Amino acid sequence: MTYPDRDPRPVDRPTEALRPVGQPVHEEVVEHGDSRVRTVRAVCAVIDVICWVFAIVLAVHIFLVIAGANPANGFAQIIESWSAGVSLGLRNLFTPANDALRTLLNDGLAAILWLVIGALLTNLITRVALPAGERHAWYRRTVR
């Protein structure tokens with residue numbers, strides 16, 4: 001049970017650990033500015049962005065086909081050509097009679113594979129190129 005009138009901790013920080021009065025607080029801030037760490041994280045970010053863009057292009061193509069967009073429209077043609085380029089050869093994997101279902105299955109699978117490929121690549125690059133302590137901790141603050 002907590003007694004607010006007897007608790008020496010500040011009201012705005014009730015979970016703060018109590019320190020003996022009069023002792024100075026020593027803070028140590030560790031930021032890893034290693035250029036290798038920054039480079040690996042930048043490469044992983046670029047890979048993530050590229051894979052997400054490919055997945056979004058495929059999702060937009062699925063939407064345009066299901067919504068019945070005019071295939072002669074310039075935007076629809078651009079999306080069709082880009083999605084054909086990033087479909088990972090899965091355009092004719094499933095061949096149901098319905099064109100919308102075919103596009104949903106084939107391009108949907110390709111979009112999911114792009115996201116999985118991006119996650120696997122960034123995880124692999126991070127595990128190989130960074131030491132164990134640098135993989136997830138970007139910023140660490142310790143108070144003594």
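Residues numbered from 1 in each chain as written. Predicted model: local features only at pLDDT ≥ 70, side-chain atom pairs only at ≥ 80, totals over all residues. Heavy atoms only, no water.

Engineer: Where do I start with the nonpolar core in this structure?
Structural biologist: Counting residues in each nonpolar core, the largest one holds 9 residues, listed as Ile 47, Cys 51, Ala 55, Leu 58, Val 86, Leu 90, Ala 110, Ala 111 and Trp 114. Mapped onto this core, the elements with two or more residues apiece are α1 (35–67) and α3 (99–129). In terms of residue count, α1 provides more of this core than any other element does, 4 residues in total. Setting aside its immediate chain neighbours within four residues, Leu 58 contacts Ser 83, Val 86, Ser 87, Asp 107, Ala 110, Ala 111 and Trp 114. (Core = buried A, V, L, I, M, F, W, Y, C linked by side-chain atoms within 4.5 Å. Buried < 20%, exposed > 50% of the residue type's maximum accessible area, 1.4 Å probe, protein only. Helix = DSSP H or I, 4+ residues; strand = E, 2+ residues; numbered from the N terminus. Contact = heavy atoms within 4.5 Å.)

Engineer: Is there a simple way to explain the pattern of salt bridges in this structure?
Structural biologist: If the charged atoms of two oppositely charged side chains come close together, the side chains can form a pair. With the rule as written, the count across this model stands at 3 salt bridges. Note that Asp 99 and Arg 102 form a salt bridge whose closest N and O atoms lie 3.0 Å from each other. Taken together, the residues span about one helical turn, with Asp 99 and Arg 102 both in helix α3 at a distance of 3 residues. Via salt bridges that share partners, Glu 80, Arg 91 and Asp 107 belong to a single interconnected network. (Salt bridge = Lys/Arg side-chain N within 4 Å of Asp/Glu carboxyl O.)

Engineer: Explain the packing of α1 against α3 here, please?
Structural biologist: What describes two packed helices is the angle between their axes and the distance between those same axes. Between α1 and α3, the shortest axis-to-axis distance is 8 Å and the interhelical angle comes to 175°. Judged by the inter-axis angle, α1 sits roughly antiparallel to α3. (Axes fitted to C-alpha atoms, helices over the stretch in contact; angles between N-to-C directions. Parallel < 35°, antiparallel > 145°, perpendicular 65-115°, else oblique.)

Engineer: Looking at this model, I keep getting lost on the UniProt feature "transmembrane region" (unreviewed entry) in the chain. Mind explaining?
Structural biologist: Here the UniProt-annotated "transmembrane region" (unreviewed entry) positions come out as residues 42–66 and 111–130. A helix fraction of 100% and a strand fraction of 0% characterise residues 42–66, whose end C-alpha atoms lie 36 Å from each other. Between the end C-alpha atoms of residues 111–130 the distance is 28 Å, and the span holds 95% helix and 0% strand. (UniProt positions renumbered as here; feature names shortened; annotations may be inferred.)

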